[in-house]
Amino acid sequence: GAGVSQSPSNKVTEKGKDVELRCDPISGHTALYWYRQRLGQGLEFLIYFQGNSAPDKSGLPSDRFSAERTGESVSTLTIQRTQQEDSAVYLCASSLMGLNYGYTFGSGTRLTVV
Amino acid sequence: QQPVQSPQAVILREGEDAVINCSSSKALYSVHWYRQKHGEAPVFLMILLKGGEQKGHEKISASFNEKKQQSSLYLTASQLSYSGTYFCGTANSGGSNYKLTFGKGTLLTVNP
């Protein structure tokens, strides 16, 4: 596609339920990132995938968070046993590898845990 | 280590200039600048690399001072469309060159 696609755009879930967020990166972009943005805050790094290398999971806040990526395509971020503090916009970005390329962000998934 | 942006917010009249600063406590490899409008995704503006220089994009340009470990974004003759939150993202030398740590953002409001 022309851009990074994320689904769903909005998700309201009950505390304790699991949620899955999906990201479709730009075709040919080998790098994929997940960030979290709480209301009025900056972007908090969660996880980074690069080709077939082991992902950098250093930003995942707890073991309730996990993510997968199939080859160089779709990625899924899963949050288990959601808590109210998980409420945020989850942004996915993709980029070409190399020194001169910026990130292209998706429109995000707004997650609300009630 | 999260970079520090200043100011936190700035209000301009159309046509005025602004400077947004981004400082790191660690040696920088690269600095990215993004603009995010309310309710939208951040949009890439430019990237500055270690050993690089000042880059420009229409009336928006940026500099990268490796010695001071900081970058500045310059907006000249601001337009209403420049309104939004500006984020710098930094990659530190010695770490992952492709994983950015973002500052908290600078809210820029341009009024008619």
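A few points on the structure. (Residues numbered from 1 in each chain as written. Chains lettered and ligands numbered in written order. Predicted model: local features only at pLDDT ≥ 70, side-chain atom pairs only at ≥ 80, totals over all residues. Heavy atoms only, no water.)

Focus on the interface of chain A and chain B
Chain A puts 21 residues into the contact, and the matching count from chain B is 17 residues. Summing both sides of the interface, chain A and chain B together bury roughly 1600 Å²; the carbon and sulfur share of this comes to 61%. Where chain A meets chain B, there are 1 salt bridge. Salt-bridge contacts for D56(A) lead to K99(B); the nearest nitrogen and oxygen are separated by 3.1 Å. At the junction of chain A and chain B, the tally comes to 6 residue pairs in polar contact (both at pLDDT 80 or more). Mapped onto the side of chain A that touches chain B, the elements with two or more residues apiece are β4 (31-37) and β5 (43-50) of chain A. (Contact = heavy atoms within 4.5 Å. Buried area = accessible area lost by both parts, 1.4 Å probe. Salt bridge = Lys/Arg side-chain N within 4 Å of Asp/Glu carboxyl O. Polar contact = N/O pair within 3.5 Å; in protein donor to acceptor, adjacent residues only side chain to side chain. Helix = DSSP H or I, 4+ residues; strand = E, 2+ residues; numbered from the N terminus.)

Considerations on the state of the cysteines
Residues and elements named next belong to chain B. Evaluation of the coordinates by the stated rule reveals 2 disulfides over all chains. Residue C22 pairs covalently with C88 via a disulfide, S to S 2.0 Å. Disulfide C22-C88: the torsion about the S-S bond is 75 degrees, which places it as right-handed. Of this pair, C22 sits in strand β3 (residues 18-23) while C88 is found in strand β9 (residues 84-92), placing the two residues 66 residues apart along the sequence. Taking the relative accessible area as the measure of exposure, C22 reaches 1% and is therefore buried. Take C88: its relative accessible area is 0%, and that puts it in the buried class. (Disulfide = S-S within 2.5 Å. Buried < 20%, exposed > 50% of the residue type's maximum accessible area, 1.4 Å probe, protein only.)

Quick word on the packing of aromatic side chains
What the rule picks out here adds up to 12 aromatic pairs over all chains. Measuring from ring centre to ring centre gives 5.2 Å for Y35(A) and F102(B), while their planes differ by 80 degrees; the resulting arrangement is edge-to-face. Separated into two different chains, Y35(A) in strand β4 and F102(B) in strand β10 (residues 101-102) make up a pair that spans both. (Phe/Tyr/Trp six-rings, centres within 6.5 Å; stacked < 30°, edge-to-face > 60°.)

Concerning the pattern of salt bridges
Taken as a whole, this structure holds 5 salt bridges over all chains when the rule is applied. Among the charged side chains, a salt-bridge network with shared partners connects R36(A), R38(A) and E44(A).

As for the nonpolar core
Residue and element names in this part refer to chain B. By size, the foremost hydrophobic cluster in this structure holds 21 residues, and its most contacted members are W33, M46, L73, L75, Y82, Y86 and L108. Sorting the residues of this core by element identifies β2 (9-13), β3, β4 (28-36), β5 (43-49), β7 (60-65), β8 (70-75), β9 and β11 (106-111) as the ones contributing at least two each. Dropping the residues within four chain positions of it, L73 is found in contact with A18, V19, I20, W33, L45, M46, I60, S61, A62 and Y86. (Core = buried A, V, L, I, M, F, W, Y, C linked by side-chain atoms within 4.5 Å.)

A short note on the environment of M46(B)
Residue and element names in this part refer to chain B. Tracing the sequence through the fold places M46 in strand β5. M46 sits in the buried class, given a relative accessible area of 4%. For M46 and V31, which are 15 residues apart along the polypeptide, the C-alpha to C-alpha distance reads 8.4 Å.

Quick notes on the environment of I20(B)
Residues and elements named next belong to chain B. Relative to the helices and strands, I20 resides in strand β3. Judged by relative accessible area, I20 falls into the buried class, the value being 0%. With 18 residues separating them in the primary sequence, I20 and H38 have C-alpha atoms 19 Å apart. Ignoring any residue separated from it by four or fewer positions in sequence, one finds I20 in contact with Q5, S6, W33, S71, S72, L73, L75, Y86 and T106.

Any link to function would need more than the numbers given here.
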